[in-house]
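Remarks on the overall topology
The residues making up each chain are set out below.
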Amino acid sequence: MQQQTLAYHQQSQRFLRQAHEELPSDLPQTSEKAWGAAAQMVKAVAEDRGWPHRRQRELQHAVNQLVQETGGDSEIAILFDSAAQLHRNFYENWFSRERVALGIAAAERFVARMESLLPRP
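Here goes a summary of the coordinates provided. (Residues numbered from 1 in each chain as written. Predicted model: local features only at pLDDT ≥ 70, side-chain atom pairs only at ≥ 80, totals over all residues. Heavy atoms only, no water.)

1. Notes on unusual backbone geometry
Definition in use: Strands here are runs of E lasting at least two residues and helices are runs of H or I lasting at least four, both read from the DSSP assignment and numbered beginning at the N terminus. Exposed residues in this analysis have more than 50% of their type's maximum accessible area, buried residues have under 20%, and partly exposed residues fall in between, with area computed by a 1.4 Å probe over protein chains only.
Unlike most non-glycine residues, N93 shows phi in positive territory, near 50 degrees. Tracing the backbone through its elements, the reader meets N93 in the loop between helix 4 (74–92) and helix 5 (97–115). Given a relative accessible area of 42%, N93 falls into the partly exposed group.

What follows is the structure, given as structure tokens:
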């Protein structure tokens, strides 16, 4: 695995840990950490494939490409969209603790799915 790809992957794992740690006390920060975990994994996979990934639009495009690459695995897009809702919650703080916890679970499934698309170290 390339160095930058590995760095994005490791940051994703850190964000997931932090999301779990912050869940009881800070829902907006928890939401942003779970979103960050998903975004960092898109960056890892995009970096590995040489795709642009600096802007949110590029992350969306990468997710679309991954759906196509995997033969139409729509769960990739659905889970990414769920994580994007958490990003919005960072600004609005409208989700309950239970809804944020569901979002973290979706982000974890997304991260695991992205990990399966990366080469083994």
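2. Comments concerning helix 3 (residues 56–69)
For the record, the criterion: Between the first and last residue of a helix there are one fewer steps than residues, each counted as 1.5 Å, and that sum is the expected span. Think of the arc as the fan of directions from the helix axis to the C-beta atoms. We call two residues in contact whenever any of their non-hydrogen atoms come within 4.5 Å of each other.
In a regular helix each residue adds 1.5 Å, so 14 residues correspond to 20 Å; helix 3 covers 20 Å between its end C-alpha atoms and thus fits that length. For helix 3, the set of buried residues is L59, A62, V63, L66 and V67. Along the long axis of helix 3, the arc covered by the buried residues comes to 145 degrees, so they all point the same way. Relative to its buried face, helix 3 has exposed residues pointing more than 90 degrees away, namely R57 and Q68. Turning to helix 3, the residues buried within the fold contact helix 2 (27–49), helix 4 and helix 5. Immediately downstream of helix 3, the backbone of G71 shows phi near 75 degrees, a positive value.

3. A few points about the pattern of salt bridges
Quick note on the threshold: Think of a salt bridge as a Lys or Arg side-chain nitrogen and an Asp or Glu carboxyl oxygen that are within 4 Å of each other.
Within the structure shown, the criterion is met by four salt bridges. Between D48 and R49 there is a salt bridge, with the nearest N and O atoms lying 3.7 Å from each other. Under the relative-accessibility criterion, R49 is labelled partly exposed at 23%. Of the charged contacts in the structure, one is a salt bridge between D73 and R113, with a shortest N-O distance of 2.7 Å. Residue D73 is found in the loop between helix 3 and helix 4, and its partner R113 is found in helix 5; the two are separated by 40 residues along the sequence. Here the salt bridges share partners, and the residues they tie into one network are D48, R49 and E69.

4. Looking at helix 1 (residues 3–22)
Given a rise of 1.5 Å per residue, 20 residues ought to cover 28 Å, and the 28 Å separating the end C-alpha atoms of helix 1 matches this to within 8%. Those residues of helix 1 that sit buried are T5, Y8, H9, S12, F15, L16 and A19. End-on view of helix 1: buried residues confined to an arc of 120 degrees, all on one side of the axis. Residues of helix 1 that are exposed and point over 90 degrees away from its buried face: Q3 and E21.

5. Quick look at the packing of aromatic side chains
Two aromatic rings are characterised by how far apart their centres lie and by the angle between their planes. Inclusion rule: When two rings of Phe, Tyr or Trp (its six-membered ring) have centres within 6.5 Å they constitute a pair, described as stacked for plane angles under 30 degrees, edge-to-face for angles over 60, and tilted for the intermediate range. By the criterion adopted, a ring carries a charge over it if an Arg CZ or a Lys NZ lies within 6 Å of its centre and within 35 degrees of its normal.
Counted according to the given criterion, the structure contains four aromatic pairs. Pairing W35 with F80 gives two aromatic rings, centres 5.4 Å apart and planes at 55 degrees, and the pair type is tilted. Of this pair, W35 sits in helix 2 while F80 sits in helix 4, and the two are 45 residues apart along the sequence. We classify W35 as buried; its relative accessible area is 7%. Ring plane angle 80 degrees and centroid distance 5.0 Å describe the contact between F90 and Y91, whose orientation is recorded as edge-to-face. For F90, a relative accessible area of 26% translates into the label partly exposed. In this structure an aromatic cluster arises from ring pairing among W35, F80 and F110. When the ring centre of W51 is taken as origin, the NZ or CZ atom of R49, which lies over that ring, is 5.8 Å away. Sitting over the ring of F95, R99 keeps its end group 4.0 Å from the ring centre.

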